[in-house]
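Observations on the three-dimensional arrangement
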Amino acid sequence: MSSSTSLRLASVICNAASRRHLNLSDSRLPLLSRTYATPATYKPHEKDPQLGDYPDLPWVSNQELPAKGWWDQQMRRNFGDPIQEYDEVLSMWGPDIPPVPPHKALFQLSLAISAFVGFGFLCKYALVPERPTVPREYPYSGLVRELGGLEENKAREETEEIDE
């Protein structure tokens, strides 16, 4: 950020502070005056030494280019154009470019899944009617003793009987 921009920003903050009758010795003022981003050091990507003097072409898919006006309409190339280093990815036959950004698509997918799960919970808990009858209650802990005890009422094991 240039010094003139930072001076302009500082004057805007001081004017806003005087208009709002803020105390300029307030401890928040240094935080307010440093709201702009610090410039990052730009590092150009290193060129592959195996390419030699081959041109460094931009990373643009041929699918983003206009459809008409090319020597080769299908591949969207003109005769003699240099081929991108990653042509198999950036050509017309490469992976499709998503029409929706991935972070937005993930948000929409999670929204649809949560709506589906919410509808399931609504159906399971809110829309189920109450039981029309009272469940039957037996005395003496459900007639355990009258029916012969828990050991007598276990399910029989199924065995395979072969009829001969």
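Use the structure listed above.
Residues numbered from 1 in each chain as written. Predicted model: local features only at pLDDT ≥ 70, side-chain atom pairs only at ≥ 80, totals over all residues. Heavy atoms only, no water.

A word on the overall build of the protein chain
- Per the secondary structure count, the protein chain includes five helices and zero strands.
- Seen in sequence order, the protein chain has helices and strands lined up from the N terminus as α-α-α-α-α.
- Sorting the 164 residues of the protein chain into buried and exposed places 8% on the buried side.
- Summarising the internal contacts of the protein chain: among those between residues at least 6 apart in sequence, 46% fall at separations of at least 24.
- Total accessible area on the protein chain stands at roughly 15,300 Å², and carbon and sulfur atoms take up 59% of it. (Helix = DSSP H or I, 4+ residues; strand = E, 2+ residues; numbered from the N terminus. Buried < 20%, exposed > 50% of the residue type's maximum accessible area, 1.4 Å probe, protein only. Contact = heavy atoms within 4.5 Å. Areas by Shrake-Rupley, 256 points an atom, 1.4 Å probe, with all protein chains shown as cover.)

Let's talk about the packing of aromatic side chains
- Here the structure, examined in full by the defined rule, presents three aromatic pairs.
- Their ring planes at 65 degrees and their centres at 5.2 Å tell us that Trp71 and Phe79 sit as a pair that is edge-to-face.
- Judged by relative accessible area, Phe79 falls into the exposed class, the value being 68%. (Phe/Tyr/Trp six-rings, centres within 6.5 Å; stacked < 30°, edge-to-face > 60°.)

Focus on the layout of surface pockets
- The computed volume of the largest pocket comes to approximately 280 Å³.
- Lining the largest pocket are 15 residues, and of these Leu57, Val60, Asn62, Leu65 and Pro82 sit closest to its centre.
- Considered class by class, the residues forming the lining of the largest pocket number eight nonpolar, three polar and four charged. (1 Å grid on protein atoms, 1.4 Å probe; cavity = no way out; pocket = protein on both sides within 12 Å on 5 of 7 lines; lining within 4 Å. Points joined across faces, edges and corners; volume = space filled by probe spheres on them. Nonpolar A, V, L, I, M, F, W, Y, C, P; charged D, E, K, R; others polar.)

So far we have only geometry, and geometry alone does not tell us how the molecule works.
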